[in-house]
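Structural overview
Take a look at the letters that make up each chain.
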Amino acid sequence: MTAIEAIEALLAEELMLRESRRIKTALVMARLSTIKTLASFDFSFQPSLDKNRIMALAELEFIDRKEVVHLLGPPGTGKSHLSLALGVQAVRAGRSVYFSPLTDLVSALAKAEREGTLREKIRFFCRFALLIVDEIGYLPVIPGGGNLFFQLVNARYERGAMILTSNRGFAEWGEVFGDPVVATALLDRLLHHAVVIQIEGSSYRLRT
Ligand code: ADP
Ligand code: MG
């Protein structure tokens, strides 16, 4: 190896190190704590799911188009796995991402409201190119929570992409948010530039 080649190899390694450090930090910032990947998703287990549609989403153009991706289906069908994997993909591509279960997101907004910092909190959640909201429908939303979530969705509307996962159909959102008027207003924004992916299948957790 010549001296120049050695220096080039060292620089390449340094770049790779720096890149992996950047990704690690960004994953922590994004709250993508359990790392799931598309490579580790067994599409053959979920035949109702069109692999091509998921791989198309992994190209991340939906983020540039500021679309809302809905992943719907019963428990254990891979909604969280796929949303995390798409989040990891986006982080690798240098996009800013934030992942949160709906309950935590609403709690954070409610706390900010009590402390008089709701506007700042909404601005914080608007900074991310991709906001992933997991587990809509598992737990009832706290009173006033639907209203707070609406304010965030409205602030991000046509400005940033989202991935939402839910085990409940849209018709049940009135019940989920404890308020049919808020649910209608939410769905009006969240279905405008939207991709809806319905997974029908059995739970991977209960596979034999
Ligand atoms: P959901 O969010 O729809 O309830 P999860 O995405 O949390 O389901 O999936 C439950 C568990 O099963 C997770 O550990 C996930 O990684 C795994 N899993 C689900 N579907 C698949 C699949 N098709 N291939 C590989 N692992 C899967
Ligand atoms: Mg889940």
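Residues numbered from 1 in each chain as written. Chains lettered and ligands numbered in written order. Predicted model: local features only at pLDDT ≥ 70, side-chain atom pairs only at ≥ 80, totals over all residues. Heavy atoms only, no water.

1. Considerations on empty space enclosed by the protein
Rolling a probe over the atoms, with the probe sized like a water molecule, indicates the empty space that remains. Here the structure, examined in full by the defined rule, presents 1 cavity of 30 Å³ or more. Computed from the structure, the largest cavity encloses a volume of approximately 70 Å³. If you go around the largest cavity, the residues you meet are Lys66, Val68, Val153, Arg156, Tyr157, Glu158, Gly160, Met162, Arg189, Leu190 and His193. Mapped by element, the contributors of at least two residues to the lining of the largest cavity are helix 7 (145-156) and helix 9 (180-190). Split by residue class, the lining of the largest cavity holds 5 nonpolar, 2 polar and 4 charged. (1 Å grid on protein atoms, 1.4 Å probe; cavity = no way out; pocket = protein on both sides within 12 Å on 5 of 7 lines; lining within 4 Å. Points joined across faces, edges and corners; volume = space filled by probe spheres on them. Helix = DSSP H or I, 4+ residues; strand = E, 2+ residues; numbered from the N terminus. Nonpolar A, V, L, I, M, F, W, Y, C, P; charged D, E, K, R; others polar.)

2. What to know about the site of ligand 1
Taken together, 15 residues are adjacent to ligand 1, and Lys36, Asp42, Gly76, Lys79 and His81 come closest. Side-chain polar atom of Lys36 to an oxygen atom of ligand 1: 2.8 Å apart, as the coordinates give it. Take Thr77: an N or O atom from its main chain is 3.2 Å from an oxygen atom of ligand 1. Its free accessible area being 550 Å², ligand 1 has 87% of it covered by the protein chains. The residue makeup of the shell around ligand 1, split by class, is 5 nonpolar, 6 polar and 4 charged. (Near = heavy atom within 4 Å. Polar contact = N/O pair within 3.5 Å; in protein donor to acceptor, adjacent residues only side chain to side chain. Areas by Shrake-Rupley, 256 points an atom, 1.4 Å probe, with all protein chains shown as cover.)

3. Description of the nonpolar core
Among soluble globular proteins, nonpolar side chains are generally buried collectively. The biggest cluster of nonpolar side chains holds 32 residues, and the ones touching the most others in it are Leu32, Phe62 and Leu130. A total of 7 residues in this core trace back to one element, the largest contributor, which is helix 4 (residues 79-92). If sequence neighbours within four positions are ignored, Phe62 has contacts with Leu57, Glu67, Val69, Leu130, Ala161, Met162 and Ile163. (Core = buried A, V, L, I, M, F, W, Y, C linked by side-chain atoms within 4.5 Å. Buried < 20%, exposed > 50% of the residue type's maximum accessible area, 1.4 Å probe, protein only. Contact = heavy atoms within 4.5 Å.)

4. Side note on the pairing of strand 3 (residues 130-136)
Here strand 3 lies mainly inside the structure; 6 of its 7 residues are buried. Pairing geometry for strand 2 (residues 97-101) and strand 3, over 5 bridges, is parallel. When the sheet's bridge partners are listed, Pro101 is paired in strand 3 with Asp134. The pairing of strand 3 with strand 4 (residues 161-166) spans 5 bridges and is parallel. Residue pairing across strands places Ile136 opposite Ser166, the latter belonging to strand 4. In this region the chain leaves strand 3, passes through helix 7 and returns to the parallel neighbour strand 4; the handedness of that crossover is right-handed. (Pairing = 2+ DSSP bridges. Right-handed = clockwise from strand over helix to strand, strands pointing away.)

5. Structural notes on the packing of helix 1 (residues 3-29) against helix 4
Remark: helix 1 packs on helix 4, axes separated minimally by 9 Å, with the N-to-C direction vectors making an angle of 135°. When the axes of helix 1 and helix 4 are compared, the pair comes out oblique. Seen along the crossing, helix 1 lies across helix 4 with a hand that is right-handed. Every residue of helix 4 that contacts helix 1 at Glu19, Arg22, Ile23, Ala26 and Leu27 is listed here: Val88, Val91 and Arg92. (Axes fitted to C-alpha atoms, helices over the stretch in contact; angles between N-to-C directions. Parallel < 35°, antiparallel > 145°, perpendicular 65-115°, else oblique. Left-handed = near helix turned anticlockwise from the far one by under 90°.)

6. Considering the environment of Ile132
Structurally, Ile132 is set in strand 3. Note on Ile132: relative accessible area 0%, which makes it buried. C-alpha of Ile132 to C-alpha of Thr165: the two residues are 33 residues apart in sequence and 8.2 Å apart in space. Apart from the residues within four sequence positions on either side, Ile132 is in contact with Ser83, Gly87, Val97, Tyr98, Phe99, Ser100 and Ile163.

7. Quick look at the environment of Leu49
Among the secondary structure elements, Leu49 is positioned in the loop between helix 1 and helix 2 (51-57). Separated by 148 residues in the primary sequence, Leu49 and Ile197 have C-alpha atoms spaced 7.9 Å apart. Residues in contact with Leu49, not counting those within four places in the same chain, are Phe41, Phe43, Ile54, Leu82, Ile197 and Ile199.

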